[in-house]
Amino acid sequence: MNNPALPPLREVIAKHGLSASKALGQNFLFDEQLLDRIAAIPGSLKDQNVYEVGPGPGGLTRALLRAGAKVTAVERDRRCLPALEELSAAFPGQLRVIEGDAMKVDPAAEIGDPFHIASNLPYNVGTALAVGWLGGENWPPEWKSLTLMFQREVADRIVARPGTDAYGRLAILAQWRCEARIAMPVHRSAFTPPPKVMSAVVHLVPKEQPVGVRMAMLETLTAAAFGQRRKMLRQSLKPVPKALDALELVGIAADRRPETVTIEEWIELARKIDTLR
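Residues numbered from 1 in each chain as written. Predicted model: local features only at pLDDT ≥ 70, side-chain atom pairs only at ≥ 80, totals over all residues. Heavy atoms only, no water.

### Considering the nonpolar core
Counted only if it meets this: For this analysis, a nonpolar core means a set of buried residues of the types Ala, Val, Leu, Ile, Met, Phe, Trp, Tyr and Cys, connected via side-chain atoms within 4.5 Å. A 1.4 Å probe rolled over the protein chains alone gives each residue an accessible area, and that area as a share of the maximum for its type sets the label: buried under 20%, exposed over 50%, partly exposed in between. What counts as a helix is a DSSP run of H or I of at least four residues, what counts as a strand is a run of E of at least two, and both are numbered from the N terminus. When checking whether two residues touch, look at their non-hydrogen atoms; a contact exists if any pair is within 4.5 Å.
The biggest cluster of nonpolar side chains holds 58 residues, and the ones touching the most others in it are Y51, W133, L221, L237 and W266. It is helix α9 (residues 215-226) that contributes the most residues to this core, 7 residues altogether. Leaving out residues up to four positions away in the same chain, L237 has contacts with L221, A224, A225, A243, L244, L247, W266 and L269. With 31 residues, the next largest nonpolar core counts L18, L29, F30 and L87 among its residues.

Here it is as structure tokens:
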């Protein structure tokens, strides 16, 4: 495997006069051992396609390349492109950089073959990107796994269990289609500049989707319920046609609150509504 000697990331930053942009939600990681641990979370990446959003100066990128991955990276900060070009030269044929907004890029169209997604996501668009990758009616997805750095609060919401304050739409969206776990906590001091909050790496692997359930119906239900999460289901789900009838038919008490309803129960409720429409 090609592992060229690379200058420390701090030297790369200094050479190119880079600094993290608050407007772009950037926080750089310099700890190479930590970055290698993150790159190892999906398992062996040798000769695997990996999609990365917001590589910045290329910290996680170089760890992915060291692991033998073929990386397609999307970066909108033009200041970082020269550093990424140097990295591409050091790993011939392994790195392709797309200058652009990841919110407008379709990784499946860019890569073509199945791929992993691994990113230290920009804080300002991280959740929106994850929801996009998890959403849609087509399943299984083109990606094999998601290894994503989030603020710890967002990570906790993704893996939250019913009955907890963090449990809501994001947990249901992630867990009805994936096995989701927090793979690694990351202290704020690991970043430059240090953010105000702690972070964590979440790992998600697609699982078989339950039959007879539409994403659109599940989203409609959870939006209505968690939009008024302190209200009982009989009140919050009233605007959803057939929802109250379905509650009774599947045996979910109408005086429960949405955070007590399990993912399996939400799935059954969404399935039942569609049979009544």
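Having seen the model, we can carry on.
### Brief notes about the side chain of E75
What counts, and what does not: Note that His is not counted, nor are the chain ends; the positive residues are Lys and Arg, and the negative ones are Asp and Glu. What counts as a salt bridge is simple: a side-chain nitrogen of Lys or Arg found within 4 Å of a carboxyl oxygen of Asp or Glu. In protein, a polar contact requires one atom able to donate a hydrogen and another able to accept it; more generally it is a pair of N or O atoms within 3.5 Å, and residues adjacent in sequence count only if both atoms are side-chain atoms.
By secondary structure assignment, the location of E75 is in strand β3 (residues 70-75). Although E75 is buried, it forms no salt bridge, and the closest oppositely charged side chain is R76 at an N-O distance of 6.8 Å. At a separation of 2.7 Å, a polar atom in the side chain of E75 contacts the main-chain amide nitrogen of G56. At a separation of 2.9 Å, a polar atom in the side chain of E75 contacts the main-chain amide nitrogen of D77.

### Details of α9
So the rule is basically this: For a helix, the expected span equals 1.5 Å multiplied by the residue count minus one.
Counted at 1.5 Å a residue, the expected span for α9 with its 12 residues is 16 Å, and the 16 Å between its end C-alpha atoms agrees. For α9, the set of buried residues is M215, M217, L218, L221, T222, A224, A225 and F226. Looking at the buried side of α9, the elements it contacts are α6 (126-134), α8 (169-175), α10 (233-236), α11 (243-250) and α12 (263-276).

### A few points about the sheet that holds strand β7 (residues 178-186)
Quick note on the threshold: Here the rule is simple: two strands pair whenever DSSP picks up at least two bridges between them. Between N-to-C directions, angles span 0 to 180 degrees; the directions come from axes that are lines fitted to C-alpha atoms, helices contributing only their stretch in contact.
Pairing is mixed across the open sheet formed by 7 strands, whose spatial order is β4-β3-β2-β5-β6-β9-β7. The strands lining the two open edges of the sheet, one partner per strand, are β4 (95-99) and β7. On average, each strand axis in the sheet is inclined to that of its neighbour by 20 degrees, with strand direction left out of account. Against the sheet, helix α4 (residues 81-90) contacts β3 and β4, and its axis sits at roughly 160 degrees relative to β4. Against the sheet, α6 touches β2 (49-53), β5 (115-120), β6 (143-151), β7 and β9 (199-206), its axis set at about 160 degrees to β6.

### Some points on the packing of aromatic side chains
The following threshold applies: For Phe, Tyr and Trp, rings pair up if their centres lie within 6.5 Å, where Trp contributes its six-membered ring, and each pair is then called stacked (planes under 30 degrees apart), edge-to-face (over 60) or tilted (otherwise).
One pass over the full model with this rule turns up 5 aromatic pairs. Between W139 and W143, the aromatic rings sit 5.7 Å apart at their centres with planes inclined by 85 degrees, giving edge-to-face as the arrangement. Look at W139 and you get buried, because its relative accessible area is 16%. Seen in terms of ring centroids, Y167 and F226 are 6.1 Å apart; in terms of plane orientation they differ by 75 degrees. Their pairing is edge-to-face. One end of the pair, Y167, is in the loop between α7 (152-159) and α8; the other, F226, is in helix α9, and 59 residues separate them in sequence. For Y167, a relative accessible area of 0% gives the class buried. Among the residues examined, F226 registers a relative accessible area of 11% and is labelled buried.

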